[in-house]
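Each chain is listed here by its residues.
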Amino acid sequence: MRFGTVAIVGRSNVGKSTFLNAVLGEPLAAVSPRPQTTRDPLLGVVNRPGAQIAFLDTPGIHKPRTELGRRMNAAAREAARGAEVVVLMTDVSSLVGSARDAAKNPLSEEDRALLDQIPSAQALLVVVNKIDLLKDKSRLLPMMAAIREVRAAAPCIPVSALTGDGVARILDEIEALVPEGPAGYDTATLTDRSTAFFVKEYIREQALLSARSEVPHAVAVSVEKFVETRRMVVIKATIHVEKPGQRTILVGRAGSKIKEIGTLARKRIERLVDQKVHLELFVRVTPRWKDVPRQLAELGYEAPGRPGRSASGAS
Ligand code: GDP
Ligand code: MG
């Protein structure tokens, strides 16, 4: 038996959470085209015949402008330090433009800096995601050569987390890298986060998917009521935004937007808890919640050094 933890790190929006869902075969993590959808590290456990691999999806590393942003970067770096294997993910976004640009600058400065920061003793896999967007696959070659220049020993694997292309090969590579040892989790364990955590994630995910522009970054969710009856789960939750204008956008005309967000989030939650869900959703203006430590704590964002794990009730 082999067992090890694998931190998935990289820039915002390269597809880390989509990749976690692909290896799990379950849409556990929230995914959206907005940067910084993932705010807290998320554990997902993959069981294979000869190995158990505990993946940690992390917030995208970015230039932080708020206290929340700083905490997210710290959480990603901490996850990488504690892992047996690091998956550094990038995507083909620098390769899809003109052929000349793609050849001139195949590896972004940001990716180069991230690659440089990973200690040379750390087992590392570089994954280039979203190859489904690349018609001419030979464009990958200069990027892979540039990665090899920085880290010659690290395998570099092109994948599409969206289509699943190449994902099994990554699992094989990782299985060979994690040490021999007993499994760290019960085989029934998918994650260590509570149901309430995912309730918040899926509501925020739907808010990100349905709203445009500046609204997404301003959103946080709190759960006021979570009651399991014999027939269904009753949930009361609030979406917090920073400005009245953002509230107007999320509520929509005659409440149509919030109703749509609620319906889609409810379906996500029903799949998770495998039960009927009644979801009551409110939108409230909570100014500057991202910068006020007390409000961050109330909304469930913990200070760096204490990864935001909830103790019990894992689903
Ligand atoms: P993260 O911020 O790194 O966790 O990225 P997400 O997993 O949230 O994905 C960001 C966006 O990229 C979403 O719109 C995904 O649907 C999209 N995406 C992720 N993987 C792929 C892929 O392999 N191909 C394509 N075309 N899009 C992808
Ligand atoms: Mg993510």
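Cut-offs applied
Residues numbered from 1 in each chain as written. Chains lettered and ligands numbered in written order. Predicted model: local features only at pLDDT ≥ 70, side-chain atom pairs only at ≥ 80, totals over all residues. Heavy atoms only, no water. Pairing = 2+ DSSP bridges. Helix = DSSP H or I, 4+ residues; strand = E, 2+ residues; numbered from the N terminus. Axes fitted to C-alpha atoms, helices over the stretch in contact; angles between N-to-C directions. Contact = heavy atoms within 4.5 Å. Near = heavy atom within 4 Å. Polar contact = N/O pair within 3.5 Å; in protein donor to acceptor, adjacent residues only side chain to side chain. Areas by Shrake-Rupley, 256 points an atom, 1.4 Å probe, with all protein chains shown as cover. Phe/Tyr/Trp six-rings, centres within 6.5 Å; stacked < 30°, edge-to-face > 60°. Buried < 20%, exposed > 50% of the residue type's maximum accessible area, 1.4 Å probe, protein only. Lys NZ or Arg CZ within 6 Å of the ring centre and 35° of its normal.

Remarks on the sheet that holds strand β1 (residues 2–10)
Piece 1. Here 6 strands make up an open sheet; going across it, the order is β2-β3-β1-β4-β5-β6 and the pairing mixed. For this open sheet the edge positions go to β2 (42–48) and β6 (156–158), each flanked by a neighbour on one side alone. On average, each strand axis in the sheet is inclined to that of its neighbour by 25°, with strand direction left out of account.
Piece 2. Here 7 bridges tie β2 to strand β3 (residues 51–57), and the two strands are oriented antiparallel to one another. Bridge pairing in β3 places Leu43 opposite Leu56.
Piece 3. Sheet strands touched by helix α4 (residues 109–117): β1, β4 (85–91) and β5 (123–129). Its angle to β4, the strand with the most contacts, is close to 175°.
Piece 4. Relative to the sheet, helix α6 (residues 167–177) contacts β1, β2, β3, β4, β5 and β6, its axis offset from that of β3 by approximately 110°.

Describing the site of ligand 1
Piece 1. Taken together, 18 residues lie near ligand 1, and Asn13, Gly15, Lys16, Thr18 and Asp132 sit nearest.
Piece 2. Interatomic distance of 3.5 Å between a backbone N/O atom of Pro33 and an oxygen atom of ligand 1.
Piece 3. Between Lys130 and ligand 1, the recorded distance is 3.1 Å, taken from a side-chain N or O atom to an oxygen atom.
Piece 4. Within the complex, 88% of the 580 Å² of free accessible area of ligand 1 lies under protein.

Overview of the packing of aromatic side chains
Piece 1. Within the structure shown, the criterion is met by 4 aromatic pairs.
Piece 2. Between Phe197 and Phe198 the ring centres are 5.2 Å apart and the planes differ by 90°, which places this aromatic pair in the edge-to-face class. Neither Phe197 nor Phe198 differs from the other in exposure class; each is buried.
Piece 3. One aromatic cluster in this structure is built from Phe197, Phe198 and Tyr202.
Piece 4. It is Arg193 that lies over the ring of Phe197; its NZ or CZ is 4.2 Å from the centre.
Piece 5. Seen from the ring of Tyr202, Arg268 lies directly overhead, with NZ or CZ sitting 4.0 Å from the centre.

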